[in-house]
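Here is how the chains run, residue by residue.
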Amino acid sequence: MELGAAFFIRAVFLALLASFYVFANAVQQNHQSNGGEKLARAVYRRLDRLLSTFEADVEHLNPDGIFGILHGQAAFMKTLNALSEEPTSCWRIVENLNRRTQNVINSAKEREKLIENTYAKRFKILTEDKLKFLTLDRTPRHVDSSYLLLGVNVHTYMNDLDTYNEKAGDDCITRLLGTYPGSEKCSIPLECLQMMYPHHPPRDSGYNATHQLLYYVISDLESVSCSTQMNAALHPMQTNTLNMSQHLCSRLFAEAKMIFKSGRLEDTELNYLSAPLRDVFIESILLCISLNFDEFFQIAWLNKLLEWSNNEYGCFGAHPEFGQFQRFRSRRKLLNDLQMIGDCSCHTSGLGFGVFARFFQTFLTKFKPAILNCYSW
């Protein structure tokens, strides 16, 4: 009898414990979904305002800005595919964002046809590519955690931030594109390979690293199709584009964590120091998140991007010292930059649009449309 009572008490205890676990898990999931919906709504509003800015000032959208916007469109396309089985209010919101994005891209391309711009012509092919490789379902990749152990000295990093030679870098990229005077497509001269191969600091950090990564990303674009030639050029160094992206994103992740932790991004007013730090921070996130490095999906980083973006225009780089910022960036822009309405940076805002769209994709596909209520957005 005593044994039976003991079994009964134990059974009741286990049942209560299981019920508590189920309840606690449900509360946690509800908290996570509510937090996810709140962030998803905030990101949607930034995307909506950024598109309004692009629509209102398409004349200041150049290939640099469009390149970032195309990353955003790729995220929208992947989201639509993921939600296609059960179109909901969330699906319709993404469809509307995708349609508006395509209209912005089309308008920018039409404007480019009407103007004589050497820079736009040299990089035009980047605005024609649908970035189809970004819409493919890829296996998640992970950074090499050993890079975090190497450490990054913030003072050295700041001093080395502006060592990238933009003109030489642009020349190397246009040799790949076939728009460099007298150069065939997929041309990879030794001087370009040496410039884009990360040897040692500062050659493998900051803007040097983001541009080296961009160089390899561009070689893989469908409209460029230089991956075979690039891998052949890298073969004597016993590496390839996949290894290069692994090394560079691992390095950039360690630097992004350092920049974020250092507090150097926290200036209440953008200035000639904090602005480029934020800029390279956003570049790193977009390029590596597009290559499926999951570690770059940091909620704390997203909250900072939302905080930095302009409430009215949704953009980045809106500050009274734009001219001073431009002088600092004279040699290291991802491609090039223009000032838009609201003192917005075309360059940084295009990249920010792509980052926001990638996070939006993650929220909608992770929390599922049944959990998120998009009607009120």
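Now for a description of the structure that goes with this document. Being a predicted model, the structure only gives us computed values, none of them experimental. (Residues numbered from 1 in each chain as written. Predicted model: local features only at pLDDT ≥ 70, side-chain atom pairs only at ≥ 80, totals over all residues. Heavy atoms only, no water.)

**Concerning the state of the cysteines**
Simply put, disulfide is the name for a covalent bond between the sulfur atoms of two cysteines.
Phase 1: Inspection of every chain in the model, using the stated rule, returns four disulfides.
Phase 2: The disulfide bridge from C172 ends at C192, spanning 2.2 Å between sulfur atoms. Sign of the S-S torsion, about -90 degrees for the bond between C172 and C192, identifies this disulfide as left-handed. Linking C172 in helix α8 (residues 166–177) with C192 in helix α9 (residues 190–196), this pair joins segments that are 20 residues apart in sequence. (Disulfide = S-S within 2.5 Å. Helix = DSSP H or I, 4+ residues; strand = E, 2+ residues; numbered from the N terminus.)

**Thoughts on the nonpolar core**
Phase 1: In this structure, Y215, F296 and F360 are the most contacted members of the largest nonpolar core, which totals 98 residues.
Phase 2: When residues in this core are grouped by element, the largest group, 10 residues, is from helix α16 (residues 346–371).
Phase 3: Setting aside its immediate chain neighbours within four residues, F296 contacts V143, C249, L252, F253, S284, I285, C288, I289, W301 and F359. (Core = buried A, V, L, I, M, F, W, Y, C linked by side-chain atoms within 4.5 Å. Buried < 20%, exposed > 50% of the residue type's maximum accessible area, 1.4 Å probe, protein only. Contact = heavy atoms within 4.5 Å.)

**Quick word on the packing of aromatic side chains**
Phase 1: As enumerated under the stated definition, the model contains 13 aromatic pairs in all.
Phase 2: A centroid spacing of 5.7 Å and a plane angle of 65 degrees characterise the contact between Y215 and Y216, whose relative ring orientation is edge-to-face. Across this residue pair, the class does not change: Y215 and Y216 are buried.
Phase 3: Three or more aromatic residues joined by ring pairs make a cluster, and in this case those are F253, F260, F281, F296, W301 and W308.
Phase 4: Its guanidinium or amino end placed over the ring of Y180, R175 lies 4.0 Å from that ring's centre, counting from NZ or CZ. (Phe/Tyr/Trp six-rings, centres within 6.5 Å; stacked < 30°, edge-to-face > 60°. Lys NZ or Arg CZ within 6 Å of the ring centre and 35° of its normal.)

**Examining the packing of helix α12 (residues 241–262) against helix α14 (residues 299–308)**
Phase 1: Viewed as axis vectors pointing N to C, α12 and α14 meet at an angle of 60 degrees, and their least axial separation amounts to 12 Å. In terms of their interaxial angle, α12 and α14 are classed as oblique. When you trace α12 past α14, the crossing you get is left-handed. Residue-level inspection shows F253, A256, K257 and F260 of α12 in contact with α14, the latter providing A300, W301 and K304.
Phase 2: Taken together, the residues of the contact of α12 with α14 sort by class into five nonpolar, no polar and two charged. (Axes fitted to C-alpha atoms, helices over the stretch in contact; angles between N-to-C directions. Parallel < 35°, antiparallel > 145°, perpendicular 65-115°, else oblique. Left-handed = near helix turned anticlockwise from the far one by under 90°. Nonpolar A, V, L, I, M, F, W, Y, C, P; charged D, E, K, R; others polar.)

**Thoughts on the environment of C192**
Phase 1: Judged by its relative accessible area of 2%, C192 falls in the buried class.
Phase 2: Residues C192 and D171, 21 residues apart in the sequence, show an inter-C-alpha distance of 8.5 Å.
Phase 3: The residues contacting C192, other than those within four sequence positions of it, are C172, R175 and Y215.

**Side note on the pattern of salt bridges**
Phase 1: One pass over the full model with this rule turns up six salt bridges.
Phase 2: Across the pair R100 and E55 runs a salt bridge whose closest N-O atoms are separated by 2.9 Å. With R100 in helix α3 (residues 89–114) and E55 in helix α1 (residues 2–56), this residue pair connects regions lying 45 residues apart in the sequence.
Phase 3: Residue E55 is classed as partly exposed on the basis of its relative accessible area, which comes to 39%. (Salt bridge = Lys/Arg side-chain N within 4 Å of Asp/Glu carboxyl O.)

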